[in-house]
Amino acid sequence: MHLDRPFTGQGLTPERRSLRREEVFSSLDRALRIAGERGARFVLVAGDLFEARHVRERTLARLAEALDATGLPVLIAPGNHDALVAGSPYLVRPWPRNVHVFGPDPTPLRLDNVTIWGAGLVSGRDRRERLQGFQAPRDGTRHLFLLHGSASGGGEATTRRVAPFSPADVRDARLSYLALGHLHRFLVLSRRDGDVVGAYPGPPESISFSMANANHGVLWGTMGATGAVQLELIAVGHRRHRSLVLDVTAATDPDAVADLILQRVPADEAARDLYRITLVGRAPAEAADRQEIERALLDRFFAVRIRSLAR
Ligand SMILES: [Mn+2]
């Protein structure tokens, strides 16, 4: 979720930055409403629910209230942005009785015929492998695991990897489903036979240009009698980040570049989404003046960042 993320460097005015913080919260409300309407048995939150460095007490109070209002069991495995450090809100403030926060080591929580395991990260750089050597017992229940961790082959930079796990760890764990967080896009992990073994939903609300043009949302999961899991990705975000590359060869001044951009970007998307536009081609330096172009686009765009690679 990344509640109370600062959203700096995204071309947002201060007012719109606070609106974005509000929208991130609102996407959580949307997700919880869907869970209630569809009759979910429980809600799984795979970490990075808030930004521990920026989160305000009133956000946490509102979060606690929203989670309480669902009445559903809410299970949380802390991630690298909301890790179980000393003084973590998970450890020092009260949470509603229906909220369960997992500690650092894999621990089970049984809900009827399902056992949900979870483990939380203890720092922003927690690389301890929570699934290595893990094996769910054969006790007649279906086993799920909630983790903020990095799948090998997830395509992220080595420095950003947390609580990593391998396909072999997953294969040996005897899980019906692995509910994952950390990756900023929707990604399904499958077994060799094609069955779903786990998934990342990506954040409910788009939070940065790293998510430009990516699918993300919340996952509605159902489990059949055989233990096979079906997933549906539900978009709950208010706005998207979008990035595009534009050839501005032949544009002679910033207004001409702005006109090219307005021709290219649909007006409704400009008014709603967050854009990063990279200028390429051959154009005079004064035409590619970033600030002048951004100024010319201010009225039409919710947020726009120009960067120029034009020569
Ligand atoms: Mn993370």
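For the structure itself, consult the block above.
None of the values given here were measured: they were computed from a predicted structure. (Residues numbered from 1 in each chain as written. Predicted model: local features only at pLDDT ≥ 70, side-chain atom pairs only at ≥ 80, totals over all residues. Heavy atoms only, no water.)

### Here's the deal with the side chain of T59
Then, in step 1: The topology assignment puts T59 in helix α2 (residues 57-70).
Then, in step 2: Overall, the relative accessible area of 7% leaves T59 in the buried class.
Then, in step 3: There is a polar contact of 2.7 Å between the side chain of T59 and the side chain of D4.
Then, in step 4: Those residues in contact with T59, other than ones at most four positions away along the chain, are L3, D4 and F25. (Helix = DSSP H or I, 4+ residues; strand = E, 2+ residues; numbered from the N terminus. Buried < 20%, exposed > 50% of the residue type's maximum accessible area, 1.4 Å probe, protein only. Polar contact = N/O pair within 3.5 Å; in protein donor to acceptor, adjacent residues only side chain to side chain. Contact = heavy atoms within 4.5 Å.)

### Observations regarding the coordination of the manganese ion
Then, in step 1: Taken together, D48 (OD), N80 (OD1), H148 (NE2) and H182 (ND1) make up the protein donors of the manganese ion, found 2.1 to 2.2 Å from the metal.
Then, in step 2: Positions of the donor residues of the manganese ion along the chain correspond to the pattern D-x31-N-x67-H-x33-H. Of this pair, D48 sits in the loop between β1 (43-45) and α2 while H182 sits in the loop between β7 (177-181) and β8 (187-190), and the two are 134 residues apart along the sequence.
Then, in step 3: The class for D48 is buried, based on a relative accessible area of 3%. (Donors = N, O, S within 2.8 Å, 3.2 Å for Na, K, Ca; no water.)

### Some words on the nonpolar core
Then, in step 1: Membership of the largest hydrophobic core comes to 33 residues, with the highest contact counts inside it found for L49, F50, L63, L67, I76 and W95.
Then, in step 2: Taken domain by domain, the makeup of this core includes at least three residues from each of domain 1 (14-234) and domain 2 (241-308).
Then, in step 3: Discounting residues that sit within four places of it in the chain, L63 has contacts with L3, F25, L28, L49, F50 and W95. (Core = buried A, V, L, I, M, F, W, Y, C linked by side-chain atoms within 4.5 Å. Domains from an automatic or database assignment.)

### Description of the sheet that holds strand β13 (residues 274-280)
Then, in step 1: A sheet is described by the order of its strands in space; here three strands give the open sequence β12-β13-β14, paired in parallel fashion. Each of the sheet's edge strands pairs with one partner strand only, and the pair in question is β12 (241-247) and β14 (303-308). Neighbouring strand axes in the sheet, compared pairwise and without regard to direction, differ in orientation by 20° on average.
Then, in step 2: Pairing of β12 with β13, which is carried by seven bridges, proceeds in the parallel orientation. Residue pairing across strands places S243 opposite R276, the latter belonging to β13.
Then, in step 3: Contacting β13 and β14, helix α7 (residues 290-297) runs over the sheet at an angle of about 155° to β14. (Pairing = 2+ DSSP bridges. Axes fitted to C-alpha atoms, helices over the stretch in contact; angles between N-to-C directions.)

### Describing the packing of aromatic side chains
Then, in step 1: Overall, the coordinates contain five aromatic pairs when judged by the stated rule.
Then, in step 2: Between Y90 and W95, the ring centres sit 6.0 Å apart and the planes meet at 40°, which makes this aromatic pair tilted.
Then, in step 3: Taking relative accessible area as the criterion, Y90 reaches 7% and is therefore assigned buried.
Then, in step 4: Taken together, a centroid distance of 4.8 Å and an interplanar angle of 80° make the contact between W117 and F134 edge-to-face. Taken together, the residues span a long stretch of sequence, with W117 in strand β5 (residues 114-119) and F134 in the loop between β5 and β6 (142-148) at a distance of 17 residues. An identical accessibility class is assigned to W117 and F134; each is buried.
Then, in step 5: Directly above the aromatic system of F302 lies the positively charged group of R239, at a separation of 3.7 Å from the ring centroid. (Phe/Tyr/Trp six-rings, centres within 6.5 Å; stacked < 30°, edge-to-face > 60°. Lys NZ or Arg CZ within 6 Å of the ring centre and 35° of its normal.)

### As for the packing of helix α5 (residues 254-264) against α7
Then, in step 1: It is the contact of α5 with α7, at a shortest axis distance of 9 Å, that shows an interaxial angle of 50°. By the criterion of interaxial angle, the relationship of α5 to α7 is oblique. In this structure, the crossing between α5 and α7 has a hand that is right-handed. Residue-level inspection shows P254, D255, V257, A258, I261 and L262 of α5 in contact with α7, the latter providing E292, I293, A296 and L297.
Then, in step 2: Residue composition of the contact of α5 with α7, grouped by class: eight nonpolar, no polar and two charged. (Parallel < 35°, antiparallel > 145°, perpendicular 65-115°, else oblique. Left-handed = near helix turned anticlockwise from the far one by under 90°. Nonpolar A, V, L, I, M, F, W, Y, C, P; charged D, E, K, R; others polar.)

### Here we look at the environment of L219
Then, in step 1: Mapped onto the secondary structure, L219 falls in strand β10 (residues 218-223).
Then, in step 2: Taking the relative accessible area as the measure of exposure, L219 reaches 23% and is therefore partly exposed.
Then, in step 3: Along the backbone, L219 and Q230 are eleven residues apart, and their C-alpha atoms lie at a distance of 9.7 Å.
Then, in step 4: The contacts of L219, once residues within four sequence positions are left out, are Y177, F186, A199, Y200, P201, L231, E232 and L233.

### Observations regarding the pattern of salt bridges
A side chain with one charge may pair with a side chain of the opposite charge, provided their charged atoms come close.
Then, in step 1: The tally for this structure, following the rule as stated, stands at 16 salt bridges.
Then, in step 2: Between R272 and D273 there is a salt bridge, with its nearest N and O atoms 2.8 Å apart.
Then, in step 3: Owing to a relative accessible area of 0%, D273 belongs among the buried residues under this scheme.
Then, in step 4: Two residues, E294 and R290, come together in a salt bridge whose shortest N-O distance is 3.1 Å. You can see E294 and its partner R290 sitting in helix α7, four residues apart, about one turn around the helix.
Then, in step 5: Several salt bridges converge on common partners, so that one network encompasses R20, E23, E205 and R239. (Salt bridge = Lys/Arg side-chain N within 4 Å of Asp/Glu carboxyl O.)

### Let's talk about the sheet that holds strand β3 (residues 99-101)
Think of a sheet as strands paired side by side through backbone hydrogen bonds, with each pair either parallel or antiparallel.
Then, in step 1: Strand order in the open sheet formed by three strands is β1-β2-β3, with parallel pairing between adjacent strands. The open sheet terminates on both sides in strands that have one partner only, identified here as β1 and β3. On average, adjacent strands in this sheet sit at an angle of 15° to one another, irrespective of strand direction.
Then, in step 2: With three bridges connecting them, strand β2 (residues 74-76) and β3 associate as parallel partners.

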